[in-house]
Amino acid sequence: MQLAWWAADLGRALFQLLTRGLAPLVIGAITVGIALPGSWTAYPLGVISILLGVSLSFLLRFGMNLIAFWTIDIRGFIGLYFVVVAPFSGIYVPVHLFPDWLKTIAYATPFPSLLQFPIDVLSGRVLGADALLVVAMQVALPGVSVGFVLRSFEESIVRAEIVYLGLFYVIDQRPHHFIHQRGLQMEALVFERTFQFL
């Protein structure tokens with residue numbers, strides 16, 4: 001089920017890239033020119049880096065919305081998420097232009113992998129072994145995040161089921177397919193909330 005949501009998010013990102021990203025790139029290339037990377041390896045590694053960045057973005061948003069199972073209102077958490085993610089991902093200023101102390105903090109988070117790393121790899125700012133290292137870091141982050149998010153998701157489903165079953169005074173009297181069906185409904189709820197703050 002989560003793979004279907006991930007695929008849907010990749011489709012959304014591809015649509016956004018084509019409709020909102022391609023036109024500014026073409027206009028910029030025509031008006032002021034464009035600097036191409038110094039090696040052909042920047043293109044395949046750049047595509048991989050973009051896919052990993054979009055995947056990590058999905059995982060972070062999915063995990064953020066799991067907080068809804070433990071709190072009454074998650075708007076404050078979502079606001080804090082965007083306040084932290086925006087500068088540390090390189091949206092406002094490239095991360096490599098930060099002061100050393102802030103750069104260290106930014107690189108200790110997964111947020112540069114969302115935007116700064118794909119830009120660095122695709123533009124050719126990092127090439128060769130450095131580009132492979134950046135992509136390897138992006139591979140490691142989603143791997144760790146997937147484990148954490150899925151574990152949190154399983155725990156949240158169990159907690160939601162305990163509360164749900166407790167409200168109706170039903171304890172171990174429902175068949176297992178009922179629990180599985182409720183789990184799928186909870187997954188759908190998390191997915192809807194994930195896309196509420198795109």
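To be clear, the structure that these remarks concern was listed above.
Residues numbered from 1 in each chain as written. Predicted model: local features only at pLDDT ≥ 70, side-chain atom pairs only at ≥ 80, totals over all residues. Heavy atoms only, no water.

A.B. asks: Tell me about the overall build of the protein, and please be specific about residues and values.
C.D. replies: Regarding its fold elements, the protein presents 7 helices and 0 strands. What you see in the protein, going N to C, is helices and strands ordered as α-α-α-α-α-α-α. For the protein, the proportion of contacts with a sequence separation of at least 24, taken over those separated by at least 6, is 69%. For the protein, the exposed surface amounts to about 12100 Å²; the carbon and sulfur share of it is 72%. (Helix = DSSP H or I, 4+ residues; strand = E, 2+ residues; numbered from the N terminus. Contact = heavy atoms within 4.5 Å. Areas by Shrake-Rupley, 256 points an atom, 1.4 Å probe, with all protein chains shown as cover.)

A.B. asks: Could you give an account of the pattern of salt bridges, naming the residues involved and the relevant values?
C.D. replies: All chains considered together, the criterion is met by 5 salt bridges. Of the charged contacts, one joins Arg12 and Asp9 as a salt bridge, the two residues approaching to 2.9 Å between their closest N and O atoms. On the criterion of helical spacing, the pair formed by Arg12 and Asp9 is a turn pair, its members being 3 residues apart in helix α1 (residues 2–31). A salt bridge links Lys103 to Asp100; the shortest N-O distance between them is 3.9 Å. (Salt bridge = Lys/Arg side-chain N within 4 Å of Asp/Glu carboxyl O.)

A.B. asks: Can you break down the layout of surface pockets residue by residue, with the values?
C.D. replies: Size it by volume and the largest pocket reaches roughly 1600 Å³. Those elements that provide at least two residues to the lining of the largest pocket are α1, α2 (42–66), α3 (75–88) and α5 (116–123). Among the residues making up the lining of the largest pocket, the classes are represented as 29 nonpolar, 7 polar and 3 charged. (1 Å grid on protein atoms, 1.4 Å probe; cavity = no way out; pocket = protein on both sides within 12 Å on 5 of 7 lines; lining within 4 Å. Points joined across faces, edges and corners; volume = space filled by probe spheres on them. Nonpolar A, V, L, I, M, F, W, Y, C, P; charged D, E, K, R; others polar.)

Scope: geometric values only; no functional claims are made or implied.
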